[in-house]
Structure formats: C-alpha cells, structure tokens
Amino acid sequence: MSTNGSSERTARHRRYYNAPTATKLTRAAAEAMLRAKAIPGNPQAEELFKQMTVMGEQMKSNRRSGETTARSRLPAGRRVAFAMAMLLLIATPIFISFVALTIGSNADRAAEYTPIYFPIWAVFAVWVTLDAPALLGLVGPRPDPFGSKSLQLSALGVANLAAMFFFLILTKAK
C-alpha cells in the first residue's frame, strides 16, 4: 500500500495533476487570447469583455475598501494597549535617564524601586527587542521581522535596556 491508500500497481501509472495553463494567465493575457479567438462583431464576446472589465474594477475597489475596513475593525482595547505600550517605551528611558542624572534624593528614592520594577520592565523590553512584530500585531497584521517598523521598535527596546543599565551604573545599584 502506498501512503495515499492506492495499491503499488496503480500508483505507478498515475500522473501528477497539471493545472490548466489558462489559470496561470493574468487577466490581460486571458483577455488578449479571447479577443484573438473572438469572431468580430459577436455580441456574446462583446458582453463577455464588458463583464470582465466590470469584474476587474469591482475586485480593485473591494481590495481597497477591505484594507480600510480591516483597520477600522480593530477592537479599542488593542489600540489602547498598543498606545500605552508605545508611550511607556518612549517615556521610560527618558525618565530613567533624567532620574539617573539628577543628584539627590530622587535617585535614592528611585533606586528603592529598582529591585521590583526593573526586572519586570527588562523582561518586557527584551521581548519587544526580540519580537517586535508581535507587539505591532496588536494593531494590524504582523509585519516583516526585518522591516523598518519592527527594527525601529526593536531599537526602542534596546534604548530601554541601555537606560536601565545607565541608571544602575550611575546610582551604583544602591
């Protein structure tokens, strides 16, 4: 018995299915073939060409409207979560660097929370750095991992990690 359930004898004589060449044609090439074989003045052929043109226009408009409706259908919670994550990813390194550079009680007070919040934020920043498309997937389809949006978000994660190390070095991990 072969893997598809047929016997060995019949499996040798089977041919692989080859798709018809017409399905591999573009719309323009199919239209050119039909025009070449059509009888001039044939009302049926003219009606077919009109329908093909109308269907092509409808397909183009459906693609455009589908893209806009897909963006507007996102749940509000996902958009808010993404906005909060982006706000924190941008504000946290600025805040941490500011606190690390200030001399006085602010740095000492912030250093008290370091053992609690830094590991949690570090895990989030490492996740953003390594898997930025997952975070971007909250607001749309997952983009290319090496695309510009993903790499910019990964750089933001690296900036967060660098700010945390900068803070720990300047406060000497009190």
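Anything mentioned here points back to the structure above.
Caption draft 1: Here's a closer look at the overall build of the protein chain. In terms of helices and strands, the protein chain carries eight helices and zero strands. The buried share of the protein chain, taken over its 174 residues, is 23%. Summarising the internal contacts of the protein chain: among those between residues at least 6 apart in sequence, 66% fall at separations of at least 24.

Caption draft 2: Representation of helix α6 (residues 114-130). For α6, built from 17 residues, the straight-helix expectation of 24 Å at 1.5 Å per residue is met to within 8% by its first-to-last C-alpha distance of 23 Å. All of the buried residues in α6 are Thr 114, Phe 118, Trp 121, Ala 125, Val 128 and Thr 129. On an axial view of α6, the arc spanned by its buried residues comes to 90°, and they lie on one face. Exposed residues pointing more than 90 degrees away from the buried face of α6 are listed as Pro 115, Ile 120, Val 123 and Leu 130.

Caption draft 3: The arrangement of the layout of surface pockets in detail. Taken as a whole, the largest pocket spans an internal volume of roughly 280 Å³. In terms of lining, the largest pocket is formed by 12 residues, of which the most central are Thr 92, Phe 95, Ile 96, Tyr 117 and Phe 118. Of all elements in the fold, only α4 (76-101) and α6 reach the threshold of two or more residues within the lining of the largest pocket. Sort the elements by how many residues they give to the lining of the largest pocket and α6 lands first, with five residues. Broken down by class, the residue content of the lining of the largest pocket amounts to 10 nonpolar, two polar and no charged.

Caption draft 4: A look at the packing of α4 against α6. Contact geometry of α4 with α6 gives a least axis separation of 12 Å together with a crossing angle of 120°. Judged by the inter-axis angle, α4 sits oblique to α6. In the packing of α4 onto α6, the handedness of the crossing is left-handed. Here Ala 85, Leu 88, Leu 89, Thr 92 and Ile 96 of α4 come into contact with α6, specifically with Phe 118, Trp 121, Phe 124 and Val 128. Here the contact of α4 with α6 is composed, by residue class, of eight nonpolar, one polar and no charged.

Caption draft 5: View of the packing of aromatic side chains. Throughout the structure, instances matching the rule amount to three aromatic pairs. Between Trp 121 and Phe 124, the ring centres sit 5.0 Å apart and the planes meet at 45°, which makes this aromatic pair tilted. In this pair, Trp 121 and Phe 124 are both assigned in helix α6, three residues apart and thus about one turn of the helix distant. Look at Trp 121 and you get buried, because its relative accessible area is 16%. Classification of Phe 124 as partly exposed rests on a relative accessible area of 23%. Through pairs of rings, three or more aromatic residues link up here, namely Trp 121, Phe 124 and Trp 127.

Caption draft 6: Highlighting the environment of Thr 92. Turning to its location among the elements, Thr 92 is positioned in helix α4. Taking relative accessible area as the criterion, Thr 92 reaches 15% and is therefore assigned buried. Separated by 67 residues in sequence, Thr 92 and Ala 159 have C-alpha atoms that sit 9.4 Å apart. Dropping the residues within four chain positions of it, Thr 92 is found in contact with Trp 121 and Asn 160.

Caption draft 7: Here's a closer look at the side chain of Asn 160. Mapped onto the fold, Asn 160 is located in helix α8 (residues 148-171). Not counting residues within four places of it along the chain, the set of residues in contact with Asn 160 comprises Leu 88, Leu 89, Thr 92, Pro 93, Trp 121 and Ala 125.

Caption draft 8: Fine view of a nonpolar patch on the surface. Where nonpolar side chains cluster on the molecular surface, the patch consists of Leu 101, Phe 165, Phe 166, Ile 169 and Leu 170 and spans about 520 Å² of accessible area. When residues in the nonpolar patch are grouped by element, the largest group, four residues, is from α8.

Rules of the game
- Residues numbered from 1 in each chain as written.
- Predicted model: local features only at pLDDT ≥ 70, side-chain atom pairs only at ≥ 80, totals over all residues.
- Heavy atoms only, no water.
- Helix = DSSP H or I, 4+ residues; strand = E, 2+ residues; numbered from the N terminus.
- Buried < 20%, exposed > 50% of the residue type's maximum accessible area, 1.4 Å probe, protein only.
- Contact = heavy atoms within 4.5 Å.
- Expected span 1.5 Å × (residues − 1).
- Arc of directions from axis to C-beta.
- 1 Å grid on protein atoms, 1.4 Å probe; cavity = no way out; pocket = protein on both sides within 12 Å on 5 of 7 lines; lining within 4 Å.
- Points joined across faces, edges and corners; volume = space filled by probe spheres on them.
- Nonpolar A, V, L, I, M, F, W, Y, C, P; charged D, E, K, R; others polar.
- Axes fitted to C-alpha atoms, helices over the stretch in contact; angles between N-to-C directions.
- Parallel < 35°, antiparallel > 145°, perpendicular 65-115°, else oblique.
- Left-handed = near helix turned anticlockwise from the far one by under 90°.
- Phe/Tyr/Trp six-rings, centres within 6.5 Å; stacked < 30°, edge-to-face > 60°.
- Patch = residues over 30% accessible without salt bridge, like charges linked within 9 Å, V, L, I, M, F, W, Y side chains within 5 Å.
- Areas by Shrake-Rupley, 256 points an atom, 1.4 Å probe, with all protein chains shown as cover.
- Salt bridge = Lys/Arg side-chain N within 4 Å of Asp/Glu carboxyl O.

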